[in-house]
Each structure stands twice: as structure tokens, then as C-alpha cells.
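Read off the chains here:
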Amino acid sequence: MGRYEFTIFNFTSKTLYIARYFTPDGFVDINNITIEGVPLNLSKLDRYRYEIINGSGIEFYAVNVSTNLTKLQGVATYEVRYKKNWKLFYSLGENITIGTDFSFWDLASNSGGYRIVVTPKLPKGTLYVISGYGTVENGSTVVYGVDSGVQHLSISTVMVWMPNLERVDFTLGSMNFTVYLPSWVISDEGIEALKSKLNLALSVYGNLTGIEKPTERLFIIFHSQFWKFSQETLGYTARGINYFSTIILPFRNDLPTTLDYYQLNLFHEFAHEWFGHYAGFGLFVETPTQFLMLEAYSRSVSQTYFYDQYLDEVEKQVVSIKNFTYIETITGKYDNFSDPRLYSQEAWYIRYFKGPYILRSLRFLVGDQKFGEIFHTLLEECHGSYCEYRDFIRISEKVYGDDLSWFFDEWFNTTEVPDYNVTVLNITQVENTYNLTLTITDASNFTMPVPVRIYLENGEYVDERVWVNGTATVSLELPDKPVKIVIDPEEAIANVNREFSVNGVVVKVD
Ligand SMILES: [Zn+2]
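Okay, so let's go over this structure. The residue numbering used here restarts from 1 in each chain and proceeds along that chain's sequence as written. Local features in a predicted model are, by the rule used here, given only for residues with pLDDT of at least 70; side-chain atom pairs are given and counted only at 80 or more, and totals for whole chains, interfaces and linings are based on all residues. Here the side-chain values reflect all heavy atoms present in the structure, with hydrogen atoms and water set aside.

Glancing now at the coordination of the zinc ion. Because no water is among the atoms considered, metal sites can look incomplete, with donors defined as N, O and S atoms within 2.8 Å of the metal, or 3.2 Å for Na, K and Ca. Around the zinc ion, the protein supplies His268 (NE2), His272 (NE2), Glu286 (OE) and Glu286 (OE) as donor atoms, at distances of 2.0 to 2.7 Å. Any coordination sphere not matching a tetrahedral pattern (four donors, all angles between 85 and 135 degrees) or a square planar or octahedral pattern (four or six donors, opposite donors over 155 degrees apart, other angles between 65 and 115) is reported as irregular. Coordination geometry of the zinc ion: the 4 donor atoms subtend angles of 53 to 146° at the metal centre, consistent with an arrangement described as irregular. In primary-sequence terms, the residues that donate to the zinc ion follow H-x3-H-x13-E. By relative accessible area, which is 7% here, histidine 272 ends up buried. Relative accessibility under 20% of the residue-type maximum defines a buried residue, over 50% an exposed one, and the middle range a partly exposed one, all with a 1.4 Å probe and only protein chains included.

Note on conventions: DSSP H or I runs of at least 4 residues are helices, E runs of at least 2 residues are strands, and numbering of each starts at the N terminus. To estimate the expected span of a helix, count its residues, drop one, and scale the result by 1.5 Å. Taking 1.5 Å of rise per residue, 18 residues should cover 26 Å, and helix H6 (residues 303–320) covers 24 Å from first to last C-alpha, within 8% of that figure. A bend of about 35° at leucine 311 is the largest found in H6. Those residues of H6 not exposed but buried are Phe306, Tyr307, Tyr310, Leu311, Asp312, Val314, Glu315, Val318 and Val319. Contacts are assigned to residue pairs with any non-hydrogen atoms lying within 4.5 Å of each other. Looking at the buried residues of H6, the elements they touch are helix H4 (255–271), helix H5 (286–300) and helix H8 (345–366). A residue's bend is the angle separating two fitted axes: one through the seven residues that end there, the other through the seven that start there.

Let us now look at the pairing of strand S15 (residues 175–182). Counted residue by residue, S15 has 7 buried out of 8 residues, so it is predominantly covered. Think of it this way: DSSP has to see at least two bridges between two strands before they count as a pair. Taken together, the 8 bridges between strand S14 (residues 165–172) and S15 define a ladder with antiparallel strand orientation. Across the sheet, glutamate 166 pairs through a bridge with leucine 181, a residue of S15. Taking the residues between adjacent antiparallel strands as the criterion, S14 and S15 are bridged by 2 residues, where glycine 173 takes a positive phi near 60°. Relative to strand S16 (residues 217–223), S15 is paired through 5 bridges, and the arrangement is parallel. Across the sheet, asparagine 176 pairs through a bridge with arginine 217, a residue of S16.

What follows concerns the packing of H8 against helix H11 (residues 405–412). What describes two packed helices is the angle between their axes and the distance between those same axes. Orientation is described by axes fitted as lines to C-alpha atoms, over the contacting stretch for helices, and by angles from 0 to 180 degrees between their N-to-C directions. Between H8 and H11, the least distance of the axes is 11 Å, while the angle of their chain directions is 155°. The pairing of H8 with H11 is recorded here as roughly antiparallel in orientation. The handedness of the crossing between H8 and H11 is right-handed. Packed against H8, whose contacting residues are Lys354, Ile358, Ser361, Leu362 and Leu365, the element H11 presents Trp406, Phe407, Phe408, Trp411 and Phe412 at the interface. Oblique is the label for every angle not falling under 35 degrees (roughly parallel), over 145 degrees (roughly antiparallel), or within 65 to 115 degrees (roughly perpendicular). Left-handed is the label given to a crossing in which the near helix is rotated counterclockwise from the far helix by less than a right angle, and right-handed is the label when the rotation is clockwise.

As a further point, take the pairing of strand S25 (residues 498–502). Each regular strand carries side chains that alternate between the two faces of the sheet. Where S25 meets strand S26 (residues 505–509), 5 bridges bridge the pair, whose relative direction is antiparallel. Bridged to glutamate 499 within S26 is lysine 508. The hairpin formed by S25 and S26 contains 2 residues between the paired strands, and asparagine 503 there has a positive phi angle of roughly 50°.

And the structure:
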């Protein structure tokens, strides 16, 4: 049950429209609206119904305003029933991106635009999250209007209830953070640990995208009953939720423990402020988001753990799933968003992990600098408009300066991955140098630049880049005797892994 006190400024005497969303069994019940003490009887007003999907949509009520007043004060009480309707509400949100938090008000306004000031009364321990705006506390004021940043926003709004809710505010770089968490766990140690994770992600994401501040303020809610909250609002158990400017994450014991368990969740949801909030990309959005997450994670844990355990395990899964091409896992949006195949465990894995692996390959192909330029151009071009994966391909080709359809074809449209082997390996010594001749074959016939690291007897290594187009033979002159060869040492390619030896030299395909 919510209560809304609102003041409308700058309206004209033309018709005022109040709109609300409807679903078959009622998403929002407006119990009562009064304006200047006069109750509005919605059932007696002219009503326009616009059905969007499955018996749900938006309806407009026409209110004729005739008054000498320059501002109108009103109160609305309403009830929101999330549980039954949330999925439907979400699919509505995919189709319309207008509305304030519980309804959409369209005002005929004088120049300068309309303005509605709302002061919600909320139960103790309750926060109100407005997508794209942030978190609203009991008694605080939200200004809706053309110039206030809250207008015609997406419609997802949630109430968050948590006992003993406390807030902590701080600034990192030029971004302001507000963190909500249970009061009994606030400790300097915990807050410092959180700041250090956020600082790491801020600098990694800022460097990779050239965008240091995707949003002015970020609200982070560590929810002590996150799984229950997620079930009730989304209908499934999420790992974290990003409402654009507000992220909600699971919480465990205390903040340091929470960050140990859920830093990937934090890195992921934070990355959605760049890919998601700053610019939207449909289901493709999870791919650059996971890419950023992996970059932050790789700097937050030990290199050995990241490359030899975490990414190896991810790669094994990506390589073994053969029932979805990558493109099939991101293109349900317009034709059939509710296709359950999109939400199977395998499709999820391909979207969330093969996707970022493909971006790692693209980065290796085009080089760090051009890759950064692709991310930057993508975010700048798509900021304020809607993009999808085709825009990513288009911008990648533009920045690279050449056709990349061969690359995207093999990675997006097949379930194959490269399967490298070394078939010939010869070493000859000429005075103080060594000549290495190497033939790499790929049973899957990909065209890829392949990173090859050659370890020498003196403990050093040499990095080479070999274009393999089904097969490739290279000859290298080395300052010392090669003892071990690692193909793809830094996991730029999702490929079949194996280890063997040829002519006494250990070869590891990583
Ligand atoms: Zn996500």
C-alpha cells in the first residue's frame, strides 16, 4: 500500500491525463485520488485503453481541470501486487518506456514543462526504487519534470523492505555512492573493502570504455533477504538486480564475507551502469557486461586462480555446450522474447560466457587500442538511443577498418570452437640461436590469430601471434632452446584444451 502526496505545477487548463498500467488481475489498484480535496471517481472519467500484450497495457483517464490555482495538491493511495504480475509487468516494460513510478501523467504544460513534486510516505525500513533515478526514502521528495531527470522513465519500480536499514554515503572519483545495509553489520573494515572493489571496477571500466561516470549517483542495496526478494519481484532467483542507478545484491553475514562471495555479482551489476543504463543493447547487453566483470575480477583475484582455474572451468563449459549458437541466445527479443529456450541453463551459459570470450578474441584480433575505441564509440553512439548486436558488429568493422563478417560468422553462428594441435615441431641449433619450425592445425577450421607463448631454457618466454587458417606453419629464430609451448596462454580464445609433447617439447593448448 503506498501513499503519494503530489503537487502539480505549470499546468494549463487543457485536459490532464492520468494513466495507469493494467494487467488481467490488476497490477496497481489506485484506491483513492483526490486533487485539492476533491475525490476523482476514475470509473466516471473518460477512459482510453491501450492493450499492449496479453490483456495488459496502459489506460488513460481524462480529467478536466478548471481552476484559478497555479498549483494543485493531491493525494493518491494505491496498492501494488508484484507477485502475480511481475513477469507481465516486465514484458510491458519491454514495450513501453514511459511512466512515473506508479503511473504515467501527461500534462499539457506551459513553456518550461510540467512539474510534479511527490512526497511518498513509506513504512519504516522501506525504500522505494525508481528505475533510472535511484532510491527514495520515506518523506524525501521526488520531482518529476522535464528538467529534473525523472520523466517518462521506464516503469520498473519496486519497494524494498529490510529491517534495521542503514545508509552510508561516500564519493569515489566523481561518482556519489549511497549504500544501504543492515545496521548491525556496518564496520569501517567492511566499508573500506567495498570502496576498494568499487574503485577497482571504476578504474577498469573507465579505462576500457573511456566513460568514467555512466551515472551521477549509484545506490547499492545489500539485501538480507535477497533470494526471497528476487523471487517475489522477478519470479526467479537472480544473482543481483540492476534498476539503473540502483543495484540490489545478496548479503551474507558481514560486508567482507559478502564481498568474498558476491564480488562477481557486484562487478556484473555495476558494469550494467555502462552497458544497460548508459546505453542499452537488448539481450546482447550481457556480453560486454560480463566482459567488464571478468576484467575487474581478473585484477581482484590471483592470476593463477583466474587463468588456471576460473577461466579454464568456464571454457570447458562453453566448449561442451553444442545446442545453441551464440546468436540464438541473444535474438529472442523482438520475435519471441518469452521463448523458454532463451532461459535454459545452456543458453544462459552461452550468452553470459561464450559472449565475453568472443570479445576477448576480438580484442586480441584488433588490439587493445582499437578494442577500447570500439567500446567507447559503441557507448557514445548508443547513449540516448537503442542499439543491439548489429550495431556492435557495424562499429567494430568501422573502427577496425575492414570487414569482420568472417570473424562474427564463425563465432556467432556456429557451435564449433577451435581445436588446435601441433603436428610438426622441429628445433635446429645454429651457433647461439635456435630455429623452431611449428605447424599448428585446427580441426574446426577457424580463421584466427593465435597467441603462442614459447618458454625457453633460460626461464624467459617469447610471445608470437600466428595466423591459423585451418593450418599454419611458422619458423622462428629464438635466443635460447625452447622447452615448452603454450597456445592461448591468456585465454583469448575459447578452444579445446589439451596437453601433449612433440619431439620432447611439452605443448599445452590452454
Ligand atoms: Zn546482467
